[in-house]
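Notes for the structure review
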Amino acid sequence: MRKTKNLILIFLSMSLVILTSCNGESSNIKRFSVPKNVKTLQSGTVAQNDTYSLLWDSASACVILNNRKNGSIWSSIPYGYYKGEAETIEYKNMNLCSPIFLTCKNRDDSTETVYYSNELAGENSVHSVKIKNGLRVIYIFNKIGVTVPVEYILNENGLETRLLVNEITEKNDLVYKVSLTPFLASSKNTVGSYVFVPSGSGAIMSTDEVNGLRKYSEAVYGKDLTNQEQQLLSVERNVRIPAFGVKAEDGVAMLGFFEEGGELGIVEAMTGDSLLGYSAVYPTVQIRSTATSKMQSGNSTSIVEKLTLSKADTDFVSVKYIPLYGTDADYNGMANAYREYLKTEGILQGTEKASGLFLNLIGGVNVSQNFCGMPYKKTLAATTLDDAAEIVKDIADNAETPLVVKLSGFGKGGIDYSNIGGAFKISGGLGNAETLKRLYDVCNGNNTKLIMDFDLVYFSSSSNGFSVSSDSAKDANGLAAKQKKYSPIHFQEDKSGKSVYLLGRKQLTVVADKMVEKTKKWSIDGYSLSSLGSVAYADGSQSEYCAKNGIDKDVSAIFARIKNNGSLIATEDANLYAAGLSDYIFSSPTGSSGYLSFDEDIPFYQMVLKGTAAMSSQPINLAKNDRTEFLKAISTGSSPEFVLIKNFYDEFTSTAHSGLAASCYDDIKEAVIAMANEAKDLTKAVCGQSIVKYTRNGDLTRTVFENGITVYVNFGSTATVSEAGTVAAYGFIYTGGDDR
């Protein structure tokens, strides 16, 4: 390939950027430095094994992965372009020939700059040396005083890329984000190809040019909660699994995933750009935290973004790539390959426990009261523990299926974020240790597991030794990070304007240990850690927590300690590191963020996790279409879930929990029991079974489990014919087992 003209494009941001260190600590910036003797590794093979060869082209700074058995090739520059399609079109060369993209923030003039570099300016701009099983490349941005070291390592399944975060050197321009090999997982813009993105349950974006250029970008494990967004532009489903992929032309595909440092990751994609001719999905690494706030000056308002001087304190972030071929070259093959990797690495350890119905019983709700003109808060009992026992007994008597019951909001403050962990006390108006024991006995006698939820992240009042001022997480400004208060039931904003705080990262282990100690005599089977398992955030009080760094390891260690104590663990809409250690996952994602750039949602989350943990749908009675949500559960062998209360008070209508009106058990008991009975045979038949293939054709889905059971679900309003026979409108059938 002939050399292409160096191109660096610069975009200036309109927002003001202020630089801070974490809580006054000295930053961990390494001053810009270049290797004394810049070396250029000779082009050719740098590593190989029985299946793959890793090659390096020094002239174009291109890394090439060659399958020695079938001749398939993947490269950091799309291989078709690399072989000779290179043109003088600057836009194409800038993107397709760039080994990395950089987003930097300048310390002097407060500008944000994005650099797309297809070849770095001047001599001695790329330092490359051989290492064990691969090569190390230092990309030297002399013009701005930045060096970025990346390692490319061959393994038996494909390629690993490592961004050496702690070895990045900087001058006035500080590195904010690094996009790695943006076109390694790419495809020509063709009909039939697509990229897979992990939004919520998962989604695919076609690579044709019919709809023009489409882009996607979402943070792995969700946005950093310490950087409160000024506007909520859409209802997003967070990225729970740090994987992505592309199904390219000619029967090949590539699975990519963050192996280390996924909490720093962002998955990005661009498809259908006719000027490029290629579509791609790729990993970006954010190595610094930001805090966004408004600055008022007279009648004008500006957005101020503060960036930490300190970067995430981690040696490296690694991304692995596994090529797939033939019948494995689609999102099914990606899910199967990723699941096997997670099992081999011990990340998925469990075996799915029997469960036919998930129930989330809501205890107390805080309402505003008034006494002689004096306002005060009171917790009203939506469900007492005695009420819960009656509900469980009634369902168990009428639906012969294993139940999983979660008690939410039974601590001090009820369902509203108040004291951390509900102060580890049962709210007086809801019951006591004796009534909890009676409920446990009912559950134990009716094939039911009893789990109690504890919020160990959000709180608004100091208690139990945890202070909102000294023990809360800090943002990039060093101030206590606040979040708008939302209902965990209907995701409605609390109009009272009251904010909640996030517990400081260093306190998470402390509060988890206190929970176990305070509740060790309680009659429960385990703990639900809904918030801890589903949120990720930084903490500006210490540099080691910048940019959400280490949240996966912190939470995994806490979960492991609890499980080693013999307790069950439940989560809700859980991130991968928490899902892998969960026995039960409530409200697993059944859809994506729903962006217009998506062509189809897929249940990739369930395809990876089914068989290792028991999962439920989103709450059926709170869904826009209860039948559709039920069928989504059926299509993946998941259990239906309901949010239930015994009593709804008029006062609830003025709270963020007005949606509980759809949860009164006496009103919906027939639907609960009917759906439990409708699903029970299937959930029993596929318990512990992984999904090996999922396809959709119009309104008809077909799911094959590893024991051979195949489920056909019709999401349409008219009957349709499947391989196994006619499927009624909004119905399902399955073959294998009892051939229902």
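Residues numbered from 1 in each chain as written. Predicted model: local features only at pLDDT ≥ 70, side-chain atom pairs only at ≥ 80, totals over all residues. Heavy atoms only, no water.

**Notes on the environment of glycine 256**
With respect to the secondary-structure elements, glycine 256 resides in strand β20 (residues 252-260). Residue class for glycine 256 comes out buried when judged on its relative accessible area of 1%. Along the primary structure glycine 256 and proline 283 are separated by 27 residues, whereas in three dimensions their C-alpha atoms are 8.5 Å apart. (Helix = DSSP H or I, 4+ residues; strand = E, 2+ residues; numbered from the N terminus. Buried < 20%, exposed > 50% of the residue type's maximum accessible area, 1.4 Å probe, protein only.)

**Observations regarding the packing of helix α10 (residues 626-636) against helix α11 (residues 665-685)**
Close contact between α10 and α11 brings their axes to 11 Å; oriented N to C, the two are set at 15°. Taken together, α10 and α11 sit at an angle that is classed as roughly parallel. When the axes of α10 and α11 are compared, the crossing they make is right-handed. On α11, the residues that touch Asp626, Arg627, Phe630 and Ile634 of α10 are Met675, Glu678, Ala679 and Leu682. (Axes fitted to C-alpha atoms, helices over the stretch in contact; angles between N-to-C directions. Parallel < 35°, antiparallel > 145°, perpendicular 65-115°, else oblique. Left-handed = near helix turned anticlockwise from the far one by under 90°. Contact = heavy atoms within 4.5 Å.)

**Topic: the sheet that holds strand β31 (residues 458-459)**
Reading across from one edge, β31-β33-β32 is the order of the three strands in this open sheet, with antiparallel pairing throughout. One side of each edge strand has no neighbouring strand; the edge strands of this open sheet are β31 and β32 (482-484). In this structure, β32 lies alongside strand β33 (residues 499-502), joined through three bridges in antiparallel fashion. Residue pairing in the sheet places glutamine 483 in a bridge with valine 500 of β33. (Pairing = 2+ DSSP bridges.)

**Observations regarding the environment of threonine 720**
Secondary-structure assignment places threonine 720 in strand β43 (residues 720-722). Look at threonine 720 and you get partly exposed, because its relative accessible area is 24%. Sequence separation between threonine 720 and leucine 700 is 20 residues; the distance between their C-alpha atoms is 7.6 Å. Not counting residues up to four positions away in its chain, the partners in contact with threonine 720 are Leu700, Asn714, Gly725, Thr726 and Val727.

**Notes on the pattern of salt bridges**
Per the counting criterion, the structure on display carries 25 salt bridges. In this structure, the salt-bridge partner of lysine 105 is glutamate 112, at a minimum N-O distance of 2.4 Å. Judged by relative accessible area, lysine 105 falls into the buried class, the value being 0%. The shortest N-O distance in the salt bridge between lysine 669 and aspartate 394 comes to 3.0 Å. One end of the pair, lysine 669, is in helix α11; the other, aspartate 394, is in helix α4 (residues 385-398), with 275 residues separating them in the sequence. Taking the relative accessible area as the measure of exposure, lysine 669 reaches 29% and is therefore partly exposed. Several salt bridges converge on common partners, so that one network encompasses Arg136, Glu151 and Glu167. (Salt bridge = Lys/Arg side-chain N within 4 Å of Asp/Glu carboxyl O.)

**Looking at the side chain of aspartate 57**
By the element assignment, aspartate 57 lies in strand β4 (residues 52-57). Overall, the relative accessible area of 11% leaves aspartate 57 in the buried class. One polar contact links the side chain of aspartate 57 to the main-chain amide nitrogen of alanine 59, over a distance of 3.0 Å. With near-sequence residues (within four places) excluded, aspartate 57 lies in contact with Ser43, Cys62 and Tyr82. (Polar contact = N/O pair within 3.5 Å; in protein donor to acceptor, adjacent residues only side chain to side chain.)

**Description of the nonpolar core**
What tends to happen in soluble globular proteins is that the nonpolar side chains get buried as a cluster. Among the nonpolar cores identified, the biggest contains 177 residues, and Leu102, Tyr338, Leu359, Ile395, Leu407, Phe604 and Leu644 are the most heavily contacted of them. Here this core gets eight residues from one element, more than from any other, and that element is α11. Beyond its immediate sequence surroundings of up to four residues, leucine 644 is in contact with Leu359, Asn360, Leu361, Ile362, Thr383, Ile391, Ile395, Ser663, Tyr665, Ile668 and Val672. Listed in part, the 17 residues of the second largest apolar core include Ile77, Leu96, Phe101 and Tyr116. (Core = buried A, V, L, I, M, F, W, Y, C linked by side-chain atoms within 4.5 Å.)

**Brief notes about unusual backbone geometry**
A positive phi angle, near 65°, is found at asparagine 133, a position not held by glycine. Position of asparagine 133 among the secondary structure elements: in the loop between β9 (126-131) and β10 (134-141). The phi dihedral of threonine 181 falls on the positive side, at around 30°, and the residue is not glycine. Relative to the helices and strands, threonine 181 resides in the loop between β14 (173-180) and β15 (186-188). Threonine 181 gets classed as buried once you look at its relative accessible area, which sits at 3%.

**What to know about the packing of aromatic side chains**
Taken as a whole and judged by the stated rule, the model has 21 aromatic pairs. Relative to tyrosine 331, the ring of tyrosine 194 lies with its centre 6.0 Å away and its plane at 50°, an arrangement referred to as tilted. With tyrosine 194 in strand β16 (residues 194-197) and tyrosine 331 in helix α3 (residues 331-344), the pair connects residues that are 137 residues apart, well separated along the chain. Neither residue differs from the other here; tyrosine 194 and tyrosine 331 are each classed as buried. Consider the rings of phenylalanine 648 and phenylalanine 652, whose centres lie 5.3 Å apart with planes at 90°: the pair is edge-to-face. When its relative accessible area of 25% is taken as the criterion, phenylalanine 648 is described as partly exposed. Through successive ring pairs, a cluster of aromatic residues spans Phe424, Phe454, Trp522 and Tyr527. For arginine 162, the ring lying beneath its charged end belongs to phenylalanine 316, and the centroid distance is 4.1 Å. (Phe/Tyr/Trp six-rings, centres within 6.5 Å; stacked < 30°, edge-to-face > 60°. Lys NZ or Arg CZ within 6 Å of the ring centre and 35° of its normal.)

**Looking at α10**
Turning to α10, its buried residues are Glu629, Phe630, Leu631, Ala633, Ile634, Ser635 and Thr636. Near the N-terminus of α10, the side chain that reaches the backbone nitrogen of arginine 627, with its oxygen 3.1 Å away, is that of asparagine 625.

**Observations concerning the environment of valine 267**
Secondary-structure assignment places valine 267 in strand β21 (residues 265-271). Note on valine 267: relative accessible area 0%, which makes it buried. Note: C-alpha distance between valine 267 and proline 283 (16 residues apart in sequence) is 5.0 Å. Those residues in contact with valine 267 that sit more than four places away from it in its chain are Pro198, Tyr216, Ser217, Glu218, Val220, Phe244, Phe258, Val281 and Tyr282.

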